[in-house]
Amino acid sequence: MLEAKHKVFISYHHGNDQYYKDFILQINRLYGLFIDASVGEGEIADDNLDDQTIRQKIRDEYLRDSSVTLL
């Protein structure tokens, strides 16, 4: 029986922590530990969106479907 994988949202600061996210995803590619449910680079790229709208999009389109949040 296959074990269901968690959908993981990785929350991080792009400027300071991109290295760590990339490292986690590299390990995941090797071992297939989880399904990445985080925002990909450039997925929310509309410069006309204010911070509140971006947070709402992340909540509605990414966090809602994930089962684990990694900070």
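Throughout what follows, the structure given in this document is the object of discussion. Per-chain numbering applies: the sequence of each chain, read as written, is numbered from 1 onward. Under the rules for a predicted model, residues below a pLDDT of 70 receive no local features and side-chain atom pairs below 80 are neither given nor counted, while totals for whole chains, interfaces and linings still include all residues. Values shown for side chains rest on all heavy atoms present in the structure; no hydrogens or waters enter the calculation.

### Notes on the pattern of salt bridges
Close approach of charged atoms allows side chains with opposite charge to pair. A pairing counts as a salt bridge when a side-chain nitrogen of Lys or Arg comes within 4 Å of a carboxyl oxygen of Asp or Glu. Across all of its chains, the model carries three salt bridges by this definition. For E61, the salt bridge goes to K57, with nearest N and O atoms at 3.1 Å. Placement of both E61 and K57 in helix 2 (residues 51-63) is noted, with a separation of four residues, approximately one turn of the helix. On the basis of relative accessibility, which here comes to 47%, the residue E61 falls in the partly exposed class. Relative accessible area decides the class of each residue, using a 1.4 Å probe on protein chains only: under 20% of the type maximum gives buried, over 50% gives exposed, and in between gives partly exposed. The partly exposed category is assigned to K57, whose relative accessible area is 26%. A salt bridge links D60 to R64, with the shortest nitrogen-to-oxygen separation between them at 3.2 Å. Residue R64 is classed as exposed on the basis of its relative accessible area, which comes to 64%. A helix here means a DSSP run of H or I that spans at least four residues, while a strand means a run of E at least two residues long, and both kinds are numbered starting from the N terminus.

### What about the side chain of S38?
Checked against the element boundaries, S38 lands in the loop between strand 2 (35-36) and helix 2. Residue S38 is classed as buried on the basis of its relative accessible area of 8%. Separated by 2.3 Å, the side chains of S38 and D36 make a polar contact. Working rule for contacts: check all heavy atoms of both residues, and any pair within 4.5 Å makes them a contact. When neighbours within four sequence positions are excluded, S38 is seen to be in contact with V8, F9, I10, K21, E43 and Y62. Nitrogen and oxygen atoms within 3.5 Å of one another constitute a polar contact, given that in protein one can donate a hydrogen and the other can accept it, and given that sequence-neighbouring residues count only through two side-chain atoms.

### Digging into helix 1 (residues 14-31)
Expected span of a helix: the number of residues minus one, times 1.5 Å. The terminal C-alpha atoms of helix 1 lie 24 Å apart, and with 18 residues this matches the ideal 26 Å at 1.5 Å per residue to within 8%. Turning to helix 1, its buried residues are Q18, K21, L25 and N28. For helix 1, the elements touching its buried residues are strand 1 (7-10) and strand 2. Once helix 1 ends, the next one or two residues include G32, with phi positive near 60 degrees.

### Here we look at the layout of surface pockets
A cavity, in this analysis, means grid points on a 1 Å lattice covering only the protein atoms where a 1.4 Å probe fits yet has no way out; a pocket is instead an open set bounded by protein on both sides within 12 Å along at least five of seven lines, and a residue lines either one if it has an atom within 4 Å of a point. Grid points are joined across faces, edges and corners, and a volume is the space filled by probe spheres set on the points. Considering only enclosed or pocket space, the largest pocket measures out at about 340 Å³ in volume. When contributions to the lining of the largest pocket are tallied by element, the ones reaching two or more residues are strand 1, helix 1 and helix 2. When residues in the lining of the largest pocket are grouped by element, the largest group, five residues, is from helix 2. Put simply, Ala, Val, Leu, Ile, Met, Phe, Trp, Tyr, Cys and Pro go in the nonpolar bin, Asp, Glu, Lys and Arg in the charged bin, and everything else, Gly too, in the polar bin. For the lining of the largest pocket, the per-class residue count stands at eight nonpolar, five polar and five charged.

### Looking at the packing of aromatic side chains
Centre distance within 6.5 Å is the pairing criterion for rings of Phe, Tyr and Trp, where only the six-membered ring of Trp is used; planes under 30 degrees apart are then read as stacked, over 60 as edge-to-face, and the remainder as tilted. Per the stated rule, a full pass over the model turns up one aromatic pair. Pairing Y19 with Y20 gives two aromatic rings, centres 5.4 Å apart and planes at 80 degrees, and the pair type is edge-to-face.

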